[in-house]
Amino acid sequence: MSAAAPRPRLLLVGGGGGLVGRATLAELGSGWAVRSVHRHRVPREEEAGVEWVPADISAIRDWRTLLEGVDVVLNLAWYRSGPESRFRRLYEGLHRMLEAAGHASVRRVLQVSVPPAPEHLESTLPYLQYKRRFDHEVVASGLSYRIVRPTMLFGPRDVLLTVMLREIDRYPFFPMFGDGRFHVSPVAVADLARLLRREADGTDSGTTDVGGPARYEYRELTDLLFRAVGKRPRYWRLSPSGSLRFASVLQAIGSSRLYRYEVEWLMSDRLGLPPYSGLDRPLTTVESFLHDEVGRRRRRPSDG
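Definitions and cut-offs
Residues numbered from 1 in each chain as written. Predicted model: local features only at pLDDT ≥ 70, side-chain atom pairs only at ≥ 80, totals over all residues. Heavy atoms only, no water. Helix = DSSP H or I, 4+ residues; strand = E, 2+ residues; numbered from the N terminus. Rg over C-alpha atoms; globule rule 2.2 N^0.38 Å. Areas by Shrake-Rupley, 256 points an atom, 1.4 Å probe, with all protein chains shown as cover. Lys, Arg positive; Asp, Glu negative; His and termini not counted. Charge placed at Lys NZ, Arg CZ, Asp CG, Glu CD. Pairing = 2+ DSSP bridges. Axes fitted to C-alpha atoms, helices over the stretch in contact; angles between N-to-C directions. Contact = heavy atoms within 4.5 Å. Buried < 20%, exposed > 50% of the residue type's maximum accessible area, 1.4 Å probe, protein only. Polar contact = N/O pair within 3.5 Å; in protein donor to acceptor, adjacent residues only side chain to side chain. Parallel < 35°, antiparallel > 145°, perpendicular 65-115°, else oblique. Left-handed = near helix turned anticlockwise from the far one by under 90°. Nonpolar A, V, L, I, M, F, W, Y, C, P; charged D, E, K, R; others polar.

Scanning the protein from N- to C-terminus turns up 10 helices and 13 strands. Computed over the C-alpha atoms, the radius of gyration of the protein is 20 Å, within 12% of the 19 Å expected from 2.2 N^0.38 for a compact globule of 304 residues. Projecting the C-alpha coordinates of the protein onto the three principal axes gives extents of approximately 65 × 45 × 35 Å. For the protein, the computed accessible surface area is about 14600 Å², with 52% contributed by carbon and sulfur atoms. The centroid of the 45 positive side-chain charges in the protein is displaced by 5 Å from the centroid of its 36 negative side-chain charges.

On to the sheet that holds strand 1 (residues 9-13), then. Spatially, 7 strands are ordered 3-2-1-4-5-6-11 in an open sheet, and the strand pairing comes out parallel. Looking at which strands have only one partner, the edges of the open sheet turn out to be strand 3 (50-54) and strand 11 (206-210). Going across the sheet, the axis of each strand differs from the next one's by a mean of 15°, ignoring polarity. Here strand 2 (residues 33-38) runs beside strand 3; their pairing, made up of 5 bridges, is parallel. Bridge assignment links His 38 to a residue of strand 3, and that residue is Pro 54. Running at roughly 160° to strand 5 (residues 108-112), helix 6 (residues 189-200) makes contact with strand 1, strand 4 (72-75), strand 5, strand 6 (144-150) and strand 11 of the sheet.

Considering the arrangement of structural elements, one finds Arg 194 in helix 6. Among the residues examined, Arg 194 registers a relative accessible area of 6% and is labelled buried. One polar contact links Arg 194 to Asp 191, side chain to side chain, over a distance of 2.7 Å. The contact partners of Arg 194, leaving out residues within four places of it in the chain, are Glu 27, Leu 279, Asp 280, Arg 281, Pro 282 and Leu 283.

The contact between helix 1 (residues 19-28) and helix 6 brings their axes to 8 Å, and the two run at 55°. The orientation of helix 1 with respect to helix 6, classified from their angle, is oblique. Relative to helix 6, the crossing made by helix 1 is right-handed. Where helix 1 abuts helix 6, its residues Leu 19, Val 20, Ala 23, Thr 24, Glu 27 and Leu 28 lie against Val 189, Ala 190, Leu 192, Ala 193, Arg 194, Leu 196 and Arg 197. Partitioned by chemical class, the residues of the contact of helix 1 with helix 6 number 9 nonpolar, 1 polar and 3 charged.

That's the geometry; what it means functionally is another story.
Encoded structure:
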């Protein structure tokens, strides 16, 4: 009997311990050999068959050894906030990786990016400036590629629905930005992971925007959250300018719950993307996630 063919190897660049990384490692475990480059060990990573490379992407000068035998590169690495220098250094590390990939055995690059933002943010925010620069380099690399741009993500321990749910459960009022009539279509991180696995096996190049199964007005979504915890919706209403000031104050005192650019992006009504199609089963609904998450919270009353 002939030996089994070796599993294809994928290089996961950063983010292995983050929301998307955890879901992606779980999804890839049965079909890929994964080499993951990030600074801190992820629990149960070795059990999942992941080869951990403890390194700071920004500091890697020579990627040749890390790219040996790699078929597909998947980049999840990015930050939500920080000074310009932080994004510049990360971009430079990724730039070196992409250049090396062009001379190695890599056949495909997957880049997890973000949907379009208001032009003011695209042109002035380092978070977006450097991300778009790397996106463009992926497109121009000559490699097969897919740039995946999901809207707001949810899943266990996310910084979106689980945080909002906790705040609604804890306090009598929840802030409402403007009139709440802008749209969102949250997508489950497990569905994004399934999409990435599908794209890792693919060959077509292009950019894909990814929304969840339902498009809500923001006020509809927050009403759902109130109902999930058994409370009547009660809001602290903020004007658009007041919403930005509120986020600025949170940011100034060191909170990572919410950043000013995120509120501006949200109110720009650009995050209600259409649902992604092509997976082998339906996309996860917000309602089913909330049902499960409230059940988890009730089983650990000290959560907070």
